[in-house]
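Residue strings, one per chain:
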Amino acid sequence: MDKLKLGAALLLVAAGVAGFYLLPADQQVLRVLAVVVGVLLAATVMWFSATGRTFVDYARDSIKEAEKVVWPSKKEVWQVTGMVFLFAFVLALFMWLVDSGLAWLFYDVLLKRG
């Protein structure tokens, strides 16, 4: 039975999309309304299926977990941001030194083009 409900939901979405393309281009509001109604009807059908109930339970659990998130203070955000910029600067300096050293080694010492 759930597979029939899933199929009906997919058909409703497809009907909404088909309605969008079958309506004239100057009827933009009706075209968008066709898609919205198709999606809402599909969601209603899915609501009464086991898959829909499982999804709703998953969404509720996700919201509960999101409420448990502890956000950092403004001071902590600035400290971590400063550390990221410092690390990026030190890494860029290191990469420049390695590049310059290798360029000197290959061009000036080995190839004597300098």
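This text follows the structure it describes.
Residue positions are given per chain, counting from 1 as you read along its sequence in written order. For a predicted model such as this one, the threshold for reporting local features is a pLDDT of at least 70, and the threshold for listing and counting side-chain atom pairs is 80 or more; totals across whole chains, interfaces and linings nevertheless cover every residue. Derived side-chain values reflect all non-hydrogen atoms in the structure, with water molecules and hydrogen atoms excluded from consideration.

1. Concerning the packing of aromatic side chains
Test applied: By convention, a stacked pair of Phe, Tyr or Trp rings (six-membered ring in the case of Trp) has centres within 6.5 Å and planes under 30 degrees apart, an edge-to-face pair has planes over 60 apart, and any other such pair is tilted. In our convention, an over-ring charge means Lys NZ or Arg CZ found within 6 Å of a ring centre and within 35 degrees of that ring's normal.
For the coordinates displayed, the defined rule picks out one aromatic pair. An angle of 90° between the planes, with centres 5.1 Å apart, marks the rings of Phe 20 and Tyr 21 as edge-to-face. Above the ring of Phe 20, the side-chain terminus of Arg 31 is found at 4.1 Å from the ring centroid.

2. A word on helix H1 (residues 2-22)
Selection criterion: Secondary structure elements follow DSSP: runs of H or I no shorter than four residues count as helices, runs of E no shorter than two count as strands, and numbering proceeds from the N terminus. A helix's residues, less one, multiplied by 1.5 Å, set its expected span. Any residue under 20% of the maximum accessible area for its type is buried, any over 50% is exposed, and the rest in between are partly exposed; the area is computed with a 1.4 Å probe on protein chains only. The directions from the helix axis to the C-beta atoms are what the arc is built from. Any two residues whose heavy atoms approach within 4.5 Å are treated as being in contact.
With 21 residues, H1 extends 30 Å from end C-alpha to end C-alpha; this agrees with the ideal 30 Å at 1.5 Å per step. Ala 9, Gly 16 and Gly 19 are the residues of H1 that are buried. End-on view of H1: buried residues confined to an arc of 85°, all on one side of the axis. Within H1, the exposed residues directed more than 90 degrees away from the buried face are Lys 3, Leu 4, Leu 10, Leu 11, Tyr 21 and Leu 22. Packing partners of the buried residues in H1 comprise helix H2 (28-47).

3. Some words on the packing of H1 against H2
Packed helices, taken two at a time, are described by the angle between their axes plus the distance between the axes. Quick reminder of the rule: For every element, the axis is a line fit to its C-alpha atoms; helices are fit only across the contacting stretch, and the angle between N-to-C directions ranges from 0 to 180 degrees. Roughly parallel refers to an angle under 35 degrees, roughly antiparallel to one over 145, roughly perpendicular to one between 65 and 115, and oblique to any angle outside these ranges. Residues are grouped as follows: Ala, Val, Leu, Ile, Met, Phe, Trp, Tyr, Cys and Pro are nonpolar; Asp, Glu, Lys and Arg are charged; every other residue, Gly included, is polar.
Where H1 meets H2, the closest approach of the two axes is 7 Å, and the angle between their N-to-C directions is 175°. The angle between H1 and H2 places the two elements in the roughly antiparallel class. Contacts between H1 and H2 involve Lys 5, Leu 6, Ala 8, Ala 9, Leu 12, Val 13, Gly 16, Val 17, Gly 19, Phe 20 and Tyr 21 from the first element and Gln 28, Arg 31, Val 32, Ala 34, Val 35, Gly 38, Val 39, Leu 41, Ala 42, Val 45 and Met 46 from the second. Classifying every residue of the contact of H1 with H2 by side-chain character gives 16 nonpolar, four polar and two charged.

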